[in-house]
Every structure is written in structure tokens, then in C-alpha cells.
Amino acid sequence: MKYRFLRVLPVILLSVPLCSCGTSFMKKDEKIKTATVPSVVVGDSVATTAGMGSRDYQATAINDTVRAPDVESSLEEKIIYFEYDSSKIPEKFLNLVRLHASNLVSDPGISVTLEGHSDERGSREYNLALGERRAMSVRQQLVLLGVSAGQLTIVSYGEERPADDGHNDAAYGINRRVELRY
Amino acid sequence: MVVCLIACPVLTSAGNLVIKIEKGVVKPLLIGVIPFKTGDEALPFQFSKIISRNLERTGLFSSIPLKDMPQTALSRSVNFKSWTALGVENLVAGEVKRKGVEQYEVEFRLLDTYKKSTLLGYRIPFDPSNSRFVAHKATDFIYHKLLGKQGAFTSLLAYITVVKNSEKRKVYRLIVADSDGYNPRTIVKSYEPLMSPAWSHDGKQLAYVSFESKNSAIYLQNLSDGKRQLLVSGKGINSAPSFSPDGTRIAMTLSRDGNPEIYLYYLSTGQLERITRHGAIDTEPSWSPDGDTLIFTSDRGAGAQIYSYKFDGVPPKRVTYNMGTYNVRGRYSPDGRKIAVVHGGDDGYQIGVLDLKSNIYEMLTTGILDESPSFAPNGSMIIYSTMTDKGSQLAAASVDGYMQQTLEQQVGEVREPVWGPLIR
């Protein structure tokens, strides 16, 4: 798995946004170059992103050098943590999302459930919606990186399934998350 | 991967003013609830205790502690003077008698110590299974006589509990209990989360959300026979059920079209009607008592606020203004004049009540994490969940803001209390 990932890395880097604006990085006022990415080459085979009308989608090209990730990214890492009341993917988790994107692109047969969660503050129903919004945010990013939407399922648990049962900021930070469940 | 599904029905527009009310301003009425006589044998019923706690919970009464009572048992005569000297205007006294095997009768009177007269008296037969109900009924009589308002002591509460079992696994339960939190009955038990219980207006059914199929889904269940039906499931969020007052529809939140929106589910046909169309989060619908208005939470404007919709095609109007950026989970008072909300700010989350006519907004509670307000069916109190050192527990506050108290401690977490209707 890792080996396959390494070969796909250069292509993936090309298709990753420069900024980390999460759900909103396609805003008009941002000065980013866009490019059409018809397919992603994986080893000997060509994994296309066809089937979802994405042959001519817009992806943002980056032209800076690769930045060392803040988080040790490996496919073993399957959780993205969020800020309070935010569904924007924090910059330090973008590499992790990229990694999973390349993994999913490399094998369209893999599917993953994006499980959105929130901390316990505020109303349960609003938090259920917030958890979904976080999962949507990760899905949008994965799709922009070439993953077929058909590989992705979203479910929100809101605040109902905390990773940490504590009632403090440390617990809340761990609970605001999207888990990728293969 | 191991799938752990077990969920089984078990029997059984202008600016709002913010006012922070200081508690204990008004002196509650002093009342003496004398321990009920039980003849020669000790009986396990706690009529006087249940009645005095019921009355105290309203914030309108203060009952004299046993040790301060000039008379702890009434034989033939009442020494009225000894009570009026303490400022006690009313006395409740009674007796429990055995009438047969598992058959009893309670007799009680409400006395006016100044007029030296009996205000009311009742004799009610009971058996051990409904002794608490009879005590609540007795409190209803007393409350109505003294205040001229209907009591809600016989109404029921529904709420969710979370308890870890011996294998440290979380067990979720939907519970129905008496209005004082006693006599809990498990309605649903599951290893997957349960949330958002909602009463039908006849008190015979509960709608709720269960994650037993690995996503939120809305179920409807009879209290009498435990039969249940899956109402809405499928892609996205299926949550926040709220019965229309006429019982024909359930408002709910679904995100099947890609975003959380408010829908109406028609119980007779199973058809869905979409109400909101906005890219923001729209959730937590709640009906006005006359059924003409739906309020819901939306983050379409500044922060998360309460909006109202009148089923007339006019875009929803914002209800909560000048109250900060987080006012959610609105619930109407039974008379439709007020809305209770969860207010989030620098001091955490508390319950506030907005008067729709005057636009005066009062903070009712003082916890750090108070949630899920629900009005008593007579509008006198609000039950909610509050964070304690033992986790989430139930608490009640009088709507005038003078009283707030935590209900009897339960095992594990207790959350999302919803007060059922008055059953006559």
C-alpha cells in the first residue's frame, strides 16, 4: 500500500490546493491557478475519475515546494481534528487527507465512511448537523483530489459518540473530528 | 467487523433585552406537610415526602422541615396557633390505611391555619404499583386549590440515559419516568446512541432517533404495547422529530438532499414535504401550540439563531436578536407566549426564556453546560439537563426564575428531558 502511494505522490501534489481554506478554497477572490486533471496515473494502470463527471473538474495547482507535515501522515492515521464550531480542515491535516485521497484514487474498489463528530457543547441536533458538515468538508476535499464520490459515505454522530468522555477542553479537542473508516 | 446492533423495544424581530434574574427574591409560601399516619404497621409509602418535594420543586412553596414542626402527628386536634406562629398558612395531613391484600387507601386534607378550616379533602384507594401516582395526583389537588392553576405533577418525563455496563460498553436507554424523576421505565435500550425523544400530543407515543442501523433514523413507538415503526431513514441526517399539535405531522430534520433542512412527515400517508431551502444548517423544529408557526435553529445569519416560519411562503424570520451569536433549540411555552432556548456565550451554555410579546429575554439557569429545555405542560417549570461532577443530570427551574434544582441523582448520564402532556 505504501509503495503504491509513493508512486502516486507527485501527481497528487500537483492537484492539491495551496491554501488550506477547507470548504471555501474555491472562492473567487483567491489567486490560485487552476488546471484540468483528467486522470491520475497509478503504477501501470490508469485510474480515472470518470463516472462522476469529474473529467473536467477544476483542481488547484500548487507550485511551492513540499512542506514538512505538522502531523506524521500515514494511512494508519485516520482521524482529522477540527477547531471549535468549525468545519474547515486544519492545515496540518491536509497532508493526511492527501494521503487518503491517493490511496482511494489508487484503488477505486475501496470505499470509506467519513464519520463526523462534534464536542458536547451546544445543542445535540445542531452538533449532529455540524458533524455532518465536517464530514462533508473532508469529502469535498477528497473529491477535489480525484476520489470518486461513490467511494465515500457520510455519517454524522454529532456529539453522541465522543472519543473522550471528559467534559474539558482536552476532551473536546479530541471529540471534534472526522474518522475515516475503511 | 463486528456489528453491534441491539435496540429492542422494551415493555414497559425587535431587539431582545437580556435580564439576569437573581434567585430567592420572592419568599415562597410556607406549608407544613405532616407525615401521614399509617396506623400500627409501618408502610413503605412516602406521601408526605413526595408531596412536599413536589411543592418545593415549583419554587413557590417552602415546606417546614420535620424537626421544626410543632406537631408531627395530628390526632384529633390541630394546634393552629403553633403553626401560624411560624407563618405556616397551610397544612397537609393524612392517613394511609390497609384495605386488603395489596390494597390501601389514602385520606388527606388541606387545611388553612388562619381560617382554621379544611380547604379540601380526598380519599383515594391505591395499590403499591400506583402509590406514587396517587401522591402526585394529591399534589395536583393541593396545587390547584392554593394557586388556582392546574398542576402537572402526574405528567411524565422522557429522557435518555447512558450507563456503562460491566464490559465498559455504553448502554443507551430511552426512559419514561414520573415528573419527579422517580419510577423510571425503559422504553428502548441500545448499544448505539439514542437521542431526541419527542412526545405525541396525546402522550401515547414517543418519536426518537436511534443509530442502531449505523446512521440516524427516526422511529415511532407506542408506550402501551412497545410496538414501534421505522418512520424515516436513509442517506444523511434523519433527526429532530417534533409532533404537530394536531398529531397529523412530524416536523423533522433530514439532509437527504445534501444539507440539513426541515421537512414535514405526514403520518397518514408517510409523505414528506420540504419546508426550508437554504444552504445553512436548519434543524430542531418545534411547533407553536396553535400549530401556525414552526420555529427552528439556523446558522443562515449571524451565528446560530432561532427562526420562525408561518407556512405562508414568506421566508423564515429571525426571532433571537441582540442575544449573542448562539441561541438554539427553541421550545414554545404551552401558552405560546414564550420560547425557551439554549444560550451559548462566554460563560458557557444556559437556558434563557424569551417573551415573544415584550421581547424581554431572561436567563433562567446558571450552569456551565445547561441544555435541552422543555416546558412543563402547565407552563410553570422548565426541565433541562445540566453538567455536574457526575456528568449530565436533570434539573428543573421555575419559569419565573426563582428556583432551580437538580433532580434526584441517577446512575450514569441523563440527558434530553422532554416533558409529556397532561393526561386527564
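Before reading on, note that the structure itself is shown above.
Caption draft 1: Up close: the overall build of chain B. Per the secondary structure count, chain B includes three helices and 31 strands. For chain B, buried positions account for 54% of its 424 residues. Element-wise, carbon and sulfur atoms account for 50% of the exposed surface of chain B, whose accessible area totals about 18500 Å².

Caption draft 2: Region of interest: the environment of B:Thr406. Residue and element names in this part refer to chain B. Looking at the secondary structure, you find Thr 406 in strand E30 (residues 404-406). Among the residues examined, Thr 406 registers a relative accessible area of 38% and is labelled partly exposed. For the pair Thr 406 and Tyr 384, spaced 22 residues apart in sequence, the C-alpha separation works out to 9.4 Å. Thr 406 has contacts with Gln 393, Leu 394 and Ala 395, leaving out every residue within four places of it along the chain.

Caption draft 3: Local environment of helix H3 (residues 124-144) of chain A. An ideal rise of 1.5 Å per residue puts 30 Å on 21 residues; H3(A) measures up with 30 Å between its terminal C-alpha atoms. The element H3(A) is extensively covered by neighbouring structure, given that 17 of its 21 residues are classed as buried.

Caption draft 4: Quick look at the sheet that holds strand E18 (residues 272-274) of chain B. All names here are of chain B. Sheet architecture is open: four strands sit in the order E15-E16-E17-E18, paired in antiparallel fashion. The two strands at the open ends of the sheet, each matched to only one other strand, are strand E15 (238-243) and E18. In this sheet, neighbouring strand axes are inclined to one another by 30° on average, regardless of whether the strands run parallel or antiparallel. Note that strand E16 (residues 249-254) and strand E17 (residues 261-266) share six bridges and pair antiparallel. Residue pairing in the sheet places Arg 249 in a bridge with Tyr 266 of E17.

Caption draft 5: Broad picture of the layout of surface pockets. Residue and element names in this part refer to chain B. Space inside the largest pocket adds up to approximately 830 Å³. Along its surface, the largest pocket is lined by 37 residues, and Trp 199, His 201, Tyr 332, Phe 375 and Trp 419 are the ones closest to its centre. Of all elements in the fold, only strand E11 (194-199), E15, strand E19 (282-287), strand E23 (326-332), strand E27 (371-375) and strand E31 (413-419) reach the threshold of two or more residues within the lining of the largest pocket. Taken together, the residues of the lining of the largest pocket sort by class into 20 nonpolar, 11 polar and six charged.

Caption draft 6: Region of interest: the nonpolar core. Residue and element names in this part refer to chain B. If you look at the biggest cluster of nonpolar residues, it comprises 40 residues, and the most contacted ones within it are Leu 231, Ile 250, Met 252 and Ile 382. Non-local contacts of Ile 382, meaning those with residues more than four positions away in its chain, are made with Ala 340, Ile 351, Val 353, Leu 364, Pro 373, Ser 374, Phe 375, Ala 395, Ala 396, Ala 397, Val 399 and Trp 419. Membership of the second largest hydrophobic core comes to 25 residues, among which are Phe 36, Ile 50, Phe 108 and Ile 142.

Caption draft 7: Structural detail: the pairing of strand E3 (residues 29-33) of chain B. Residue and element names in this part refer to chain B. In terms of strand pairing, E3 meets strand E4 (residues 61-63) through three bridges, oriented parallel. Looking across to E4, one finds that Ile 31 is bridged to Ser 63. Handedness of the crossover joining E3 and E4 through helix H1 (residues 47-57): right-handed. In this sheet, strand E5 (residues 90-100) lies alongside E3 in parallel orientation, the contact comprising three bridges. Along E5, the bridge assignment pairs Gly 32 with Leu 91.

Caption draft 8: Spotlight on the side chain of B:Thr320. All names here are of chain B. Relative to the helices and strands, Thr 320 resides in the loop between strand E22 (317-318) and E23. Given a relative accessible area of 1%, Thr 320 falls into the buried group. A polar side-chain atom of Thr 320 sits 3.0 Å from the main-chain amide nitrogen of Ile 306.

Caption draft 9: Here's a closer look at the interface of chain B and chain A. Contacts between the two partners involve 36 residues from chain B and, on the opposite side, 24 residues from chain A. Carbon and sulfur atoms supply 53% of the area that chain B and chain A bury against each other, a total of about 2600 Å² over both sides. Viewed at the interface, chain A and chain B are joined by five salt bridges. Across the salt bridge formed by B:Asp299 and A:Arg133, the nearest N and O atoms sit 2.8 Å from each other. Here chain B and chain A share 15 residue pairs in polar contact (both at pLDDT 80 or more) between them. Of all the secondary-structure elements, those providing two or more residues to the side of chain B that touches chain A are strand E9 (170-178), E11, E15, E19, E23 and E31 of chain B. Taken together, the residues that form the side of chain B that touches chain A break down as 16 nonpolar, nine polar and 11 charged.

Caption draft 10: Broad picture of unusual backbone geometry. One non-glycine residue, A:Asp85, lies in the positive phi region at around 55°. Tracing the backbone through its elements, the reader meets A:Asp85 in the loop between strand E5 (79-81) and helix H2 (94-106). One non-glycine residue, B:Asn183, adopts positive backbone phi at about 65°. Examined against the element boundaries, B:Asn183 turns out to sit in the loop between E9 and strand E10 (185-190). Owing to a relative accessible area of 40%, B:Asn183 belongs among the partly exposed residues under this scheme.

Calculation criteria
- Residues numbered from 1 in each chain as written.
- Chains lettered and ligands numbered in written order.
- Predicted model: local features only at pLDDT ≥ 70, side-chain atom pairs only at ≥ 80, totals over all residues.
- Heavy atoms only, no water.
- Helix = DSSP H or I, 4+ residues; strand = E, 2+ residues; numbered from the N terminus.
- Buried < 20%, exposed > 50% of the residue type's maximum accessible area, 1.4 Å probe, protein only.
- Areas by Shrake-Rupley, 256 points an atom, 1.4 Å probe, with all protein chains shown as cover.
- Contact = heavy atoms within 4.5 Å.
- Expected span 1.5 Å × (residues − 1).
- Pairing = 2+ DSSP bridges.
- Axes fitted to C-alpha atoms, helices over the stretch in contact; angles between N-to-C directions.
- 1 Å grid on protein atoms, 1.4 Å probe; cavity = no way out; pocket = protein on both sides within 12 Å on 5 of 7 lines; lining within 4 Å.
- Points joined across faces, edges and corners; volume = space filled by probe spheres on them.
- Nonpolar A, V, L, I, M, F, W, Y, C, P; charged D, E, K, R; others polar.
- Core = buried A, V, L, I, M, F, W, Y, C linked by side-chain atoms within 4.5 Å.
- Right-handed = clockwise from strand over helix to strand, strands pointing away.
- Polar contact = N/O pair within 3.5 Å; in protein donor to acceptor, adjacent residues only side chain to side chain.
- Buried area = accessible area lost by both parts, 1.4 Å probe.
- Salt bridge = Lys/Arg side-chain N within 4 Å of Asp/Glu carboxyl O.

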